Amino acid sequence: MSKENGFSSGFFWGAVIGGAIALLLAPSTGKELRRRLTECTHCGPAHDIAETTEDLIAKTKESIETNFEKLNKIVDEKKHTSSSKIDEALSSKE
């Protein structure tokens, strides 16, 4: 990871955590704070990040499943090929 990327990531998470602390420490009623927090979680960058993360997870799972199926087919083909060659070798020995 480059230094710039690490700094950007640290800056982002510091801002998120600092913002959350500021919201929690701001003078307002509990009801008002809960309303504000609910509004914050349904819009803005945090919501976009959550959606993007969920999309990436779904795509990754799909890719893993597809590639696992391909790998299983290749392994089965190789098993069949090697089994045939072993049988041929054994029969030619006799």
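Residues numbered from 1 in each chain as written. Predicted model: local features only at pLDDT ≥ 70, side-chain atom pairs only at ≥ 80, totals over all residues. Heavy atoms only, no water.

### Considering the overall build of the protein chain
Move 1: A tally of helices and strands in the protein chain yields 3 helices and 0 strands.
Move 2: Across the protein chain, helices and strands are ordered from the amino to the carboxyl terminus as α-α-α.
Move 3: In the protein chain, which comprises 94 residues, the proportion classed as buried is 2%.
Move 4: As displayed, the protein chain has an accessible area near 8400 Å², and 63% of this comes from carbon and sulfur atoms. (Helix = DSSP H or I, 4+ residues; strand = E, 2+ residues; numbered from the N terminus. Buried < 20%, exposed > 50% of the residue type's maximum accessible area, 1.4 Å probe, protein only. Areas by Shrake-Rupley, 256 points an atom, 1.4 Å probe, with all protein chains shown as cover.)

### Observations concerning the confidence of the model for the protein chain
Any segment with low pLDDT has predicted coordinates that should not be analysed in fine detail.
Move 1: Confidence along the protein chain averages 79 in pLDDT terms, with 77% of residues attaining 70 or more.
Move 2: The secondary-structure element of the protein chain with the lowest mean pLDDT is helix α2 (residues 30–41), recorded at 70, while helix α3 (residues 44–93) shows the highest, at 84. (pLDDT = per-residue confidence, 0-100.)

### A closer look at the packing of aromatic side chains
Move 1: The full count for this structure, using the stated rule, is 1 aromatic pair.
Move 2: Centre to centre, the rings of phenylalanine 12 and tryptophan 13 are 5.0 Å apart; their planes meet at 75°, and the pair counts as edge-to-face. (Phe/Tyr/Trp six-rings, centres within 6.5 Å; stacked < 30°, edge-to-face > 60°.)

### Considerations on a nonpolar patch on the surface
Move 1: A cluster of nonpolar side chains, namely Phe12, Trp13, Val16, Ile17, Ile21, Leu25 and Ile49, defines an oily patch on the protein surface of about 670 Å² accessible area.
Move 2: Here the element with the most residues in the nonpolar patch is helix α1 (residues 3–25); it accounts for 6 residues.
Move 3: In this fold, isoleucine 21 is placed in helix α1.
Move 4: We classify isoleucine 21 as partly exposed; its relative accessible area is 45%. (Patch = residues over 30% accessible without salt bridge, like charges linked within 9 Å, V, L, I, M, F, W, Y side chains within 5 Å. Salt bridge = Lys/Arg side-chain N within 4 Å of Asp/Glu carboxyl O.)

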